[in-house]
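Observations on chain architecture
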Amino acid sequence: MPRHMGVELPLLFLAGWFAALYTGASLIPASSAWNAAGLPGLLFAMATSGFWMIPAALDLAVLSPVVGFAKVTSLVAAGFVACLSWRVARMAIQAFFVLNWFWMTLAAGLLYQEAPQQLCSVYLADQQGQAGRAMAAWACAGLLAWIWSVARMLLSAEDAERADVVTCAAGEPANSQFDLPSAIGRMCSPPNLRSEGQSSGR
Amino acid sequence: MKAGWRSLACGALVAALSLCAFSAVTHGFTAVTSDGVRRAELTSAPRELPELELMDARGKTLSLRDYAVPGKQTTFVNLVYVRCNSICVTSAGSHSWLQAEIMARGLQGRVRLLTLSFDPSNDTPAVLSGYAGHIAADPTLWRVATPRDAGQLQRMLDLFAVVVLPDGQGGYSHNAALFVIGEEGLLAGAYDVERPDVALADYLQRRTGS
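Everything in this summary refers to the structure shown in the same document. Predicted model only: the values in this text are computed from it and were never measured.

1. Topic: the interface of chain B and chain A
Each partner contributes to the interface: chain B provides 23 residues, whereas chain A provides 24 residues. Both faces considered, chain B and chain A share a buried interface measuring about 1800 Å² in area, 72% of it formed by carbon and sulfur atoms. Taken together, the connections running from chain B to chain A amount to zero salt bridges. Where chain B meets chain A, there are two residue pairs in polar contact (both at pLDDT 80 or more). Sorting the residues of the side of chain B that touches chain A by element identifies helix H1 (2-25), helix H2 (34-44) and strand E8 (172-174) of chain B as the ones contributing at least two each. Considering every element that reaches the side of chain B that touches chain A, the biggest residue donor is H1 of chain B, with 11 residues. For the side of chain B that touches chain A, the per-class residue count stands at 11 nonpolar, nine polar and three charged.

2. Examining the layout of surface pockets
Considered as a void within the structure, the second largest pocket measures approximately 730 Å³ in volume. What lines the second largest pocket is a set of 32 residues, and nearest its centre among them are Gln118 of chain A together with Ile87, His174, Asn175 and Ala176 of chain B. Of all the secondary-structure elements, those providing two or more residues to the lining of the second largest pocket are H2, helix H3 (87-104) and E8 of chain B. By residue number, the principal contributor to the lining of the second largest pocket is H2 of chain B, which donates four residues.

3. Regarding the sheet that holds strand E6 (residues 142-147) of chain B
Residues and elements named next belong to chain B. A sheet is described by the order of its strands in space; here eight strands give the open sequence E1-E10-E9-E4-E5-E6-E2-E3, paired in mixed fashion. Each edge of the sheet is formed by a strand with only one pairing partner; in this case those strands are strand E1 (47-48) and strand E3 (61-63). Examined bridge by bridge, strand E2 (residues 53-56) and E3 share three bridges and lie antiparallel to one another. Residue pairing in the sheet places Glu53 in a bridge with Ser63 of E3.

4. Section: the packing of aromatic side chains
Under the criterion given, the structure shown has nine aromatic pairs over all chains. Consider the rings of Phe118 of chain B and Tyr172 of chain B, whose centres lie 6.2 Å apart with planes at 70°: the pair is edge-to-face. With a gap of 54 residues between them, Phe118 of chain B in the loop between strand E5 (111-117) and helix H4 (125-134) and Tyr172 of chain B in strand E8 connect regions that are remote in the sequence. The class of Tyr172 of chain B is partly exposed, set by a relative accessible area of 25%. Consider the rings of Phe160 of chain B and Phe179 of chain B, whose centres lie 4.8 Å apart with planes at 65°: the pair is edge-to-face. Here the residue Phe160 of chain B occupies a position in helix H5 (residues 150-160), and Phe179 of chain B occupies one in strand E9 (residues 178-181), the gap between them amounting to 19 residues. Judged by its relative accessible area of 1%, Phe160 of chain B falls in the buried class. Joined through ring pairs, the aromatic side chains of Phe51 and Trp52 of chain A together with Phe22 of chain B make up one cluster.

What counts and what doesn't
Residues numbered from 1 in each chain as written. Chains lettered and ligands numbered in written order. Predicted model: local features only at pLDDT ≥ 70, side-chain atom pairs only at ≥ 80, totals over all residues. Heavy atoms only, no water. Contact = heavy atoms within 4.5 Å. Buried area = accessible area lost by both parts, 1.4 Å probe. Salt bridge = Lys/Arg side-chain N within 4 Å of Asp/Glu carboxyl O. Polar contact = N/O pair within 3.5 Å; in protein donor to acceptor, adjacent residues only side chain to side chain. Helix = DSSP H or I, 4+ residues; strand = E, 2+ residues; numbered from the N terminus. Nonpolar A, V, L, I, M, F, W, Y, C, P; charged D, E, K, R; others polar. 1 Å grid on protein atoms, 1.4 Å probe; cavity = no way out; pocket = protein on both sides within 12 Å on 5 of 7 lines; lining within 4 Å. Points joined across faces, edges and corners; volume = space filled by probe spheres on them. Pairing = 2+ DSSP bridges. Phe/Tyr/Trp six-rings, centres within 6.5 Å; stacked < 30°, edge-to-face > 60°. Buried < 20%, exposed > 50% of the residue type's maximum accessible area, 1.4 Å probe, protein only.

See below:
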């Protein structure tokens, strides 16, 4: 059970994520109409992730080959779609999904550790605690990874602005003036990807 | 705005499908464990008892279908194996409590008990007979039996949705419940194995029609 929930399920999700990271850039313009701001995609990823935490669903995945296949495909698809959606989602939306996913996964991990009764019929009761700890660990890791990426973005934005200020101070005309609202706006809006269908006057 | 409408439709579809999936696996948002789902399923859709050949502690053959005759008898069933010294002990304790209650309330003839072993290779009639003595089962109202052969075993496990796993120490880990075969002869309920009082209370409530 710890291997299933703590290793196999996250790896399936990450496999989809990395597949999109390296091959999915071309899909973003095509899917932008259906995945505005990444919302439907991230919703799908979160629903899939939550579904496979339900003990009855895990039992079915082990007992039925059809459900097992559905588990594998849905998790890989969830990782793939999440990666594509992440790149078009604004920070507020990213934060919403990361924080909600964190709480959901952490709560599930705590419940698996605390529940006195055997939750899954297909696994032994003493494996439940380990599976719960694995889920709690992934929740914390995911949150920390996101916080680190936000910190990195903030620091690089700050560095870029500092470079402009130094240029101004040296007497040379600056290409851009130091403008805090724009700096934050640039940080919060989607990165360089622009699809052809989107208008720039938002 | 076309892009907006398409995304909205996509999002709504994802939400709708997710709700359907969650509802299906939790039996309409009533349970998260397989045991809970089984309990809800049996209550909403009682199952017919199949023709399942059993052998009891005296070596007599009987069929599970014998309990399916509609009449005035309700049967409480538990599934155990004799060598188990964990949850089956609780299960047997619950049945003992029910036996005492049946006698105290004069319900003999209306309520009976059945213990089924899912380890027919080890739990032969002789072993079952010893077990019946150990749990002080009154043979007039509490019968102990096991499937006649391994072929019948899986059908019995499927009917009761019991999953049996070798526990790595020579025994089995398995889920358990206190099952009810109602007066209409159908497998109509499952209760927490530690709560025979709830099962009995429900039976008494149904009997008085309240």
